[in-house]
Amino acid sequence: MKFRFSDRELNFLVGINVAILVIATVLSKGDFLDVYNFQSMGGQLPELGLLAMGVALSMISGNGGIDLSGVALANLSGVVAATLAPMLVDADAAPWAYTGAFAAVALATGLAGGLLNGVLIARAGLTPILCTLGTQLLYTGLAVVLTGGSSLRVGNAEPLSAIGNENVLGVPIPFAIFIAMLLAVGWLLKQSPFGIRLFLLGTNAKAARYAGIPQGRMLIATYALCGVLAAVAGVIIAGRTASVKSDYGNSYLLIAILITVMAGVRPQGGYGRMVCLFFSAVALQLLSSTFNLLGISNFFRDCAWGLLLLFFLASARFSLSDLRSFIPASRTSAPPHQPPPGATQRTTEG
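Source: prediction; values computed, not measured. (Residues numbered from 1 in each chain as written. Predicted model: local features only at pLDDT ≥ 70, side-chain atom pairs only at ≥ 80, totals over all residues. Heavy atoms only, no water.)

K.L.:
Talk me through the nonpolar core; I want residue IDs and the actual numbers.
P.N.:
Formed by 88 residues in total, the largest nonpolar core has its most connected members in Met53, Tyr98, Phe102, Ile257 and Leu277. Beyond its immediate chain neighbours, meaning those up to four positions away, methionine 53 contacts Phe178, Met181, Leu182, Val185, Leu229, Met274 and Leu277. (Core = buried A, V, L, I, M, F, W, Y, C linked by side-chain atoms within 4.5 Å. Buried < 20%, exposed > 50% of the residue type's maximum accessible area, 1.4 Å probe, protein only. Contact = heavy atoms within 4.5 Å.)

This is the structure we're talking about:
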């Protein structure tokens, strides 16, 4: 059986992960490889990974698609669930039922928010970046109204806390949820008719329309799925922190976009792989943990994320062949085998 390593993006991301791991291990004198450190990273990664999956799906859909409302919708889903779930079930009397009610309300909120994004983009014709920027402010405002601007404690339910903090066979439950969602979305994109239509829509919207693909329904379904992914992230956040806030994760949006761009998802649409997104998210988490190890401030991290985002956006826009335009014309203007000035050319006489 032969293995092919033709995916440059995947090879690059694997190499980046190995390089960061080696550097962090050397700097920490081996402490970075501690099992508890990896479990800690596995508990933190899913929040960003799920949000990045939503950004990736919206980018793949093309038409300048991007979902800027993911973090705000995740917070709103947790806030609405923390507000309504105690009215439905007593957390102390029935912790499992409370956890189920909390998750159901959060998922319904995320679905409703995603549907609103999709309808505004597909039916009202709003530009995705402006539409989701507006709904981001809307969702944040609703969360502020419900919480009064302060954090809101969730019910004391052990199953909900386990979703955000516990391990199963040494694997953090949030990480297992993230992997399950990643595999499901990866299968949806690669094997299902929905994925084929979404890639075609992102590659060439006019060809997709002529092929009979319902562009409006595809966009609505895509942004609805983005909303569900944000809601899952909201449940994990609520379980891990035992509270919900309207402004949790202010820098998460930047990092989610960076993960998506690093994964090779084209901002123009039509391409994206979940396996690359996984390694991209892992690389950012390893790098963040290395910054913690070195005691680097959060302000520098935000600066580093921004510089990385600009770098990968530029690298996606330009290729090595574009460097030819910077070569001086004097080196390329002369045709090959041109005789020097004054040289006499031999002619053939008939």
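K.L.:
Run through the environment of serine 61, naming residues and quoting values.
P.N.:
Its location among the elements puts serine 61 in the loop between helix H2 (35-60) and helix H3 (70-88). Residues serine 61 and proline 267, 206 residues apart in the sequence, show an inter-C-alpha distance of 9.4 Å. When near neighbours in sequence (up to four residues on either side) are disregarded, serine 61 contacts Leu198, Leu201, Gly202, Leu219, Thr222 and Tyr223. (Helix = DSSP H or I, 4+ residues; strand = E, 2+ residues; numbered from the N terminus.)

K.L.:
Which residues make up the confidence of the model for the chain, and what values do they have?
P.N.:
On average, the chain scores 83 in pLDDT, and the residues at 70 or more come to 85%. For the chain, helix H14 (residues 329-332) is the element with the lowest average pLDDT, namely 44, and helix H4 (residues 95-122) is the one with the highest, namely 94. Low confidence marks residues 319-327, where pLDDT is under 50. Its contacts with residues over four positions away, or in another chain, come to two contacts. Taken as a whole, residues 340-350 scores under 50 in pLDDT and shows one contact with residues more than four places along the chain or in a different chain. (pLDDT = per-residue confidence, 0-100.)

K.L.:
Give a description of a nonpolar patch on the surface that names residues and reports values.
P.N.:
Together, Val14, Val18, Val22 and Val26 make up a nonpolar patch on the protein surface, roughly 320 Å² of accessible area in all. Relative to the elements of secondary structure, valine 22 occurs in helix H1 (residues 8-27). Under the relative-accessibility criterion, valine 22 is labelled partly exposed at 47%. (Patch = residues over 30% accessible without salt bridge, like charges linked within 9 Å, V, L, I, M, F, W, Y side chains within 5 Å. Areas by Shrake-Rupley, 256 points an atom, 1.4 Å probe, with all protein chains shown as cover. Salt bridge = Lys/Arg side-chain N within 4 Å of Asp/Glu carboxyl O.)

K.L.:
Report on the side chain of threonine 290, specifying residues and quantitative values.
P.N.:
Summarising the element assignment, threonine 290 is placed in helix H12 (residues 274-294). A distance of 2.8 Å separates a polar side-chain atom of threonine 290 from the backbone oxygen of leucine 286. (Polar contact = N/O pair within 3.5 Å; in protein donor to acceptor, adjacent residues only side chain to side chain.)

K.L.:
Please provide a residue-by-residue account of the packing of helix H8 (residues 193-203) against helix H10 (residues 215-241), values included.
P.N.:
One way to put it is that H8 packs onto H10 with a least axis distance of 11 Å and a crossing angle of 110°. In terms of their interaxial angle, H8 and H10 are classed as roughly perpendicular. Contact residues: H8 offers Phe194, Arg197, Leu198 and Leu201, while H10 offers Gln215, Met218, Leu219, Ala221 and Thr222. Residue classes in the contact of H8 with H10 are distributed as six nonpolar, two polar and one charged. (Axes fitted to C-alpha atoms, helices over the stretch in contact; angles between N-to-C directions. Parallel < 35°, antiparallel > 145°, perpendicular 65-115°, else oblique. Nonpolar A, V, L, I, M, F, W, Y, C, P; charged D, E, K, R; others polar.)

K.L.:
Can you explain the environment of alanine 233? Please cite residues and give values.
P.N.:
Note that alanine 233 resides in helix H10. With relative accessibility at 0%, the residue alanine 233 sits in the buried group. As for alanine 233 and glutamate 47, which are separated by 186 residues in sequence, their C-alpha atoms are 5.0 Å apart. Apart from residues no more than four positions distant in its own chain, alanine 233 is found in contact with Glu47, Leu50 and Leu51.

K.L.:
Give a detailed account of the pattern of salt bridges, specifying residues and quantitative values.
P.N.:
If you walk through the whole model with that rule in mind, you get two salt bridges. Residues arginine 240 and glutamate 47 are paired through a salt bridge, measuring 2.6 Å at the closest nitrogen-oxygen approach. Of the two residues, arginine 240 is situated in helix H10 and glutamate 47 in helix H2; the sequence distance between them amounts to 193 residues. Residue class for arginine 240 comes out partly exposed when judged on its relative accessible area of 28%. Exposure remark for glutamate 47: the relative accessible area of 0% places this residue in the buried category. Aspartate 247 is the partner of lysine 245 in a salt bridge, and the nearest nitrogen-oxygen pair spans 3.8 Å. Look at aspartate 247 and you get partly exposed, because its relative accessible area is 37%.

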